[in-house]
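Given next are the chains, with one letter for each unit.
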Amino acid sequence: MKREDFLSWEQFFMTVAKVCAMRSKDPSTQVGAILVNNLNQIISTGYNGFPRGVDDDKFPWSREGEWIDTKYPYVAHAELNAIVSARTNLTDCDVYVTLFPCNECTKIIIQAGIKKVFYLEDKYKDSNEVKASKKMLDAAQIEYKQINDFNVKVSIN
Ligand SMILES: O=c1ccn([C@H]2C[C@H](O)[C@@H](COP(=O)(O)O)O2)c(=O)[nH]1
Ligand SMILES: [Zn+2]
């Protein structure tokens with residue numbers, strides 16, 4: 001008899017996105033994103049971090065202070081990294097991301113032709129950035145779906 005407790009595609013892809021987030025060196029919020037095509041193939045992965053050549057031991061990780069002295073001007077978002085790393089056309093791909101995309105990532109998601117956004121956390125839902133994201137996704141008729149029943153535990157020895 002076949003196993004019944006296998007991961008669904010949604011659980012599987014979000015688990016991979018969570019694992020990608022574990023690569024992030026951001027001390028407060030680690031974000032992972034993956035792109036999946038209509039054959040359920042993972043096309044690309046990304047996580048939030050500084051761009052290539054921007055030394056993450058020399059640039060700031062802080063959230064507060066003068067904007068130029070915080071991480072915000074420098075960090076490349078997980079969705080951006082996944083999209084620019086993809087080596088194929090992204091039309092009709094889905095994105096799985098561990099945090100609801102900000103407005104800048106949302107613009108890139110829309111322009112890349114991505115069809116659906118699956119997300120886990122929405123901790124900045126009251127921010128103007130996320131409100132703007134939702135307005136743009138609604139206008140562009142791109143669906144977004146929160147994975148609610150995510151209780152996957154991965155333990156690898
Ligand atoms: O769409 C998004 C939004 C945010 N991120 C990254 C950028 C930062 O590294 C963190 C957010 O840091 P806070 O300390 O929680 O403000 O998340 C992203 O990758 N994608
Ligand atoms: Zn973003």
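Here, the structure is the one placed above.
As the structure is a prediction and not an experimental result, all values here were calculated from the model. (Residues numbered from 1 in each chain as written. Chains lettered and ligands numbered in written order. Predicted model: local features only at pLDDT ≥ 70, side-chain atom pairs only at ≥ 80, totals over all residues. Heavy atoms only, no water.)

## Regarding the site of ligand 1
- Around ligand 1, a shell composed of 16 residues is seen, among which Asp-26, Thr-29, Lys-71, Tyr-72 and Tyr-124 lie nearest.
- A distance of 2.6 Å is found between an oxygen atom of ligand 1 and a side-chain nitrogen or oxygen belonging to Asp-26.
- Here an oxygen atom of ligand 1 sits 2.6 Å away from a polar atom, N or O, in the side chain of Arg-63.
- Considered on its own, ligand 1 offers 460 Å² of accessible surface; in the complex 94% of this is hidden by protein.
- The site holding ligand 1 turns out to be the largest pocket.
- Split by residue class, the shell around ligand 1 holds eight nonpolar, four polar and four charged. (Near = heavy atom within 4 Å. Polar contact = N/O pair within 3.5 Å; in protein donor to acceptor, adjacent residues only side chain to side chain. Areas by Shrake-Rupley, 256 points an atom, 1.4 Å probe, with all protein chains shown as cover. 1 Å grid on protein atoms, 1.4 Å probe; cavity = no way out; pocket = protein on both sides within 12 Å on 5 of 7 lines; lining within 4 Å. Sits in = over half its atoms within 2 Å of the grid points. Nonpolar A, V, L, I, M, F, W, Y, C, P; charged D, E, K, R; others polar.)

## What about the sheet that holds strand E5 (residues 143–146)?
- With mixed pairing, the five strands of this open sheet are ordered in space as E2-E1-E3-E4-E5. Looking at strand neighbours, the two that pair on one side only are strand E2 (42–47) and E5, the edges of this open sheet. Across the sheet, the axes of successive neighbouring strands diverge by a mean angle of 15 degrees, strand direction being ignored.
- Across four bridges, the pairing between strand E4 (residues 116–121) and E5 is parallel. Looking at the pairing, Tyr-119 lines up with Gln-146 of E5.
- The strands touched by helix H1 (residues 9–21) within the sheet are strand E1 (32–36), E2, strand E3 (94–99), E4 and E5, with E1 carrying the most contacts at an inclination of about 135 degrees. (Pairing = 2+ DSSP bridges. Helix = DSSP H or I, 4+ residues; strand = E, 2+ residues; numbered from the N terminus. Axes fitted to C-alpha atoms, helices over the stretch in contact; angles between N-to-C directions. Contact = heavy atoms within 4.5 Å.)

## Description of the nonpolar core
- Core analysis: the biggest nonpolar cluster contains 21 residues, and Leu-35, Ile-83, Leu-90, Val-95, Ile-114 and Val-117 have the highest contact counts within it.
- For this core, the elements supplying multiple residues, two or more each, are E1, helix H2 (78–85), E3, helix H3 (103–112), E4 and helix H4 (128–139).
- In contact with Val-117, not counting residues within four places along its chain, are Val-95, Val-97, Pro-101, Ile-109, Leu-137, Ile-142, Glu-143, Tyr-144 and Lys-145. (Core = buried A, V, L, I, M, F, W, Y, C linked by side-chain atoms within 4.5 Å. Buried < 20%, exposed > 50% of the residue type's maximum accessible area, 1.4 Å probe, protein only.)

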